[in-house]
Amino acid sequence: MASPELFFATINAYQRTEALKAALEIALFTAIGPDGKTAAEIATACKASERGVRILSDYMTICGFLVKEGDTYRLTEDSAVFLDRNSPAYLGGTTQFLASSDLVDHFSRLAEAVRRGGTADDHGGTTTDEFDGWVKFARGMAPMMRPASLEIAELVDPAPERSLRILDIAAGHGLFGIAFAQRNPGVTVVAQDWGKVLDVAFENATAAGVADRYERLPGSAFDVSFGDGYDVVLLTNFLHHFDIPTCVGLLKKVRAALAPGGRVATLEFVPNEDRVTPMTSAAFSLVMLASTPSGDAYTFNELSAMFSEAGFSRSELFQLNRSPAQAVISYV
């Protein structure tokens, strides 16, 4: 029997987003903590009205972020790990980027983007030079990227015994290069990105104790000189912003920067050939439609073909265990 339930759930989905943002803003999950609390107790901790907290907590329960037992609200396992500010894996800061107007506003003109085949922003969306949103990305997204950064470092440098010179393109928060440097004292990193973004990456490198092996290369990845002799090039969350010819051109530049036996580690949302699975990777193409002139979520066959055209011998696909994204390792 036909049902309008999916329509209503989707058209009202913005309410889930705003409710979660509100819960994070008042530190609802942190107030509940490991022992659970009533609405009155949460309200006191959050300095909010009991009525408001009850309604918001009930809604968070409906959404699956809380469990309600009588009058007591408890965290789910996921909420305890990712939404309690006392957790080292807290993800609330990602709203600085994921829920910012820099990104969300592009979706208000999505129909126009569909007509154009790319963002309705005449300035290039997120590919605009010195796009301010990348500073928010660097500051807010680090906790979400940390597990993938550690896994890629383990994948590429499983026995960290030899020195490596690494180029981290569009480094952002810098965690991917930093993960290699922390794992291997013989690693030196050259981080490339816009200058304001690299300031954040260098803060993170300093906090990680690897600043003395961390060099900044400010500017556009398409314009600056990379130099050469790199053992590893990191291309994380970058290629999807551009069309295939642009990616191939950049990869040729990357190929020229690699030493013999060098490798490229690429992190991407890689959909299957059907382009509708797996859900998170496949759905990412809509983000690129809304926010870039010609970006996309590329299949492994497309990525492999790009690297091949740029002069790489082969590429391998890896599903990460600690991230919904996929890694592609390409060899000279």
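These remarks concern the structure in this document. (Residues numbered from 1 in each chain as written. Predicted model: local features only at pLDDT ≥ 70, side-chain atom pairs only at ≥ 80, totals over all residues. Heavy atoms only, no water.)

## Describing the side chain of D231
Rule in force here: Secondary structure elements are taken from DSSP: a helix is a run of H or I of four residues or more, a strand is a run of E of two residues or more, and numbering for both begins at the N terminus. As used in this structure description, the phrase polar contact means that two N or O atoms lie within 3.5 Å; if the pair is within protein, one of them must be able to donate a hydrogen and the other to accept it, and residues adjacent in sequence are counted only when both atoms belong to side chains. In what follows, a contact means two residues having at least one pair of non-hydrogen atoms within 4.5 Å.
Mapped onto the fold, D231 is located in strand β7 (residues 230-236). Polar contacts involving the side chain of D231 include one to the main-chain amide nitrogen of R165, which spans 2.8 Å. When sequence neighbours within four positions are dropped, the list of residues in contact with D231 reads R162, S163, L164, R165, L258, A259, G262 and R263.

## Observations concerning the pairing of strand β6 (residues 214-218)
Short version of the rule: Whether two strands pair comes down to DSSP finding at least two bridges between them. By convention a crossover is right-handed if, when the strands point away from the viewer, the path from the first strand over the helix to the second runs clockwise.
Relative to β6, strand β5 (residues 187-193) runs parallel, the two sharing five bridges. Counterpart to A191 in the pairing with β6 is R216. Once the chain exits β5 it traverses helix α13 (residues 195-207) before rejoining the sheet at β6, and the crossover so formed is right-handed.

## A short note on the packing of aromatic side chains
Definition in use: The aromatic pairing rule takes the rings of Phe, Tyr and Trp, using the six-membered ring of Trp, and pairs them if the centres are within 6.5 Å, calling planes under 30 degrees apart stacked, those over 60 edge-to-face and the rest tilted. Accessible area is worked out with a 1.4 Å probe on protein chains only. A residue is then buried under 20% of its type maximum, exposed over 50%, and partly exposed in between. For a lysine, the NZ atom is tested; for an arginine, the CZ atom; a charge sits over a ring if that atom is within 6 Å of the ring centre and within 35 degrees of the ring normal.
Within this structure, the stated rule accounts for eleven aromatic pairs. With a centroid separation of 5.2 Å and 85° between ring planes, the pair formed by F97 and F137 is classed as edge-to-face. Remark: F137 occurs in helix α10 (residues 133-140) and F97 occurs in helix α7 (residues 95-98); sequence separation between them is 40 residues. Neither F97 nor F137 differs from the other in exposure class; each is buried. Here the aromatic residues F97, F131, W134 and F137 are joined through ring pairs into a cluster of three or more. Here the guanidinium or amino end of K253 rests over the ring plane of F226, the centre of that ring lying 4.2 Å away. Over the aromatic face of Y331 sits the side chain of R314, whose NZ or CZ is 4.1 Å from the ring centroid.

## Regarding the sheet that holds strand β2 (residues 66-69)
Where we set the bar: For helices, the fitted axis covers only the stretch in contact; all axes are lines through C-alpha atoms, and the angles between them, taken along N-to-C directions, range from 0 to 180 degrees.
The strand order β1-β3-β2 describes an open sheet built from three strands, whose pairing is antiparallel. Lying at the two open borders of the sheet, with one neighbouring strand each, are β1 (37-38) and β2. Across four bridges, the pairing between β2 and strand β3 (residues 72-75) is antiparallel. In the strand pairing of β3, K68 is matched with Y73. Those strands touched by helix α5 (residues 50-63) are β2 and β3, and its axis lies near 110° from that of β2.

## A word on the environment of Y73
Mapped onto the elements of the fold, Y73 is located in strand β3. Y73 sits 28 residues away from S101 along the chain, and the two C-alpha atoms are 32 Å apart.

## A closer look at the nonpolar core
What counts is decided by this rule: To form a nonpolar core, buried Ala, Val, Leu, Ile, Met, Phe, Trp, Tyr and Cys residues must be joined to one another through side-chain atoms within 4.5 Å.
I152, I166, F180 and Y214 are the most contacted members of the largest nonpolar core, which totals 36 residues. Core analysis: the next-biggest nonpolar cluster, separate from the first, contains 30 residues, A170, F226, L239 and F312 among them.

## Details of the sheet that holds strand β9 (residues 314-319)
Strand order in the open sheet made by the seven strands is β6-β5-β4-β7-β8-β10-β9, with mixed pairing throughout. The two strands at the open ends of the sheet, each matched to only one other strand, are β6 and β9. Along the sheet, successive strands turn relative to each other by an average axial angle of 20°, direction set aside. Relative to β5, strand β4 (residues 164-169) runs parallel, the two being bridged by six bridges.

## Examining the packing of helix α2 (residues 13-25) against α5
To keep it simple, the criterion reads: Here roughly perpendicular refers to angles of 65 to 115 degrees, roughly parallel to angles under 35, roughly antiparallel to angles over 145, and oblique to all remaining angles. Crossing handedness is read from the near helix: turned anticlockwise from the far helix by less than a right angle, it gives a left-handed crossing, and turned clockwise, a right-handed one.
Two numbers describe how α2 lies on α5: the axes approach to 10 Å, and their chain directions differ by 125°. Taken as axis vectors, α2 and α5 run oblique relative to one another. Crossing angle aside, the handedness with which α2 passes α5 is left-handed. Residues Q15, R16, A19, L20, A22 and A23 of α2 form the contact with α5, whose participating residues are L56, Y59, M60 and C63.

## With respect to the pairing of β4
Counting buried residues in β4 gives five out of six residues, a clear majority hidden from the surface. In terms of strand pairing, β4 meets β7 through four bridges, oriented parallel. Within β7, the residue paired with D168 across the bridge is L234.

## Observations regarding the packing of helix α14 (residues 244-257) against helix α16 (residues 300-309)
Each pair of packed helices can be summarised by the angle the axes make with each other and by the distance between the axes. Stated formally: Under the grouping applied here, Gly and all other residues not named as nonpolar or charged are polar, the nonpolar ones being Ala, Val, Leu, Ile, Met, Phe, Trp, Tyr, Cys and Pro and the charged ones Asp, Glu, Lys and Arg.
In the contact formed by α14 and α16, the axes pass within 8 Å of each other and the chain directions differ by 45°. Considering the angle they form, α14 stands oblique to α16. Crossing handedness for the pair α14 and α16: right-handed. Across the interface between the two elements, I244, C247, V248, L251 and K252 of α14 pack against E302, M306, F307 and E309 of α16. Its residues assigned to classes, the contact of α14 with α16 shows six nonpolar, no polar and three charged.

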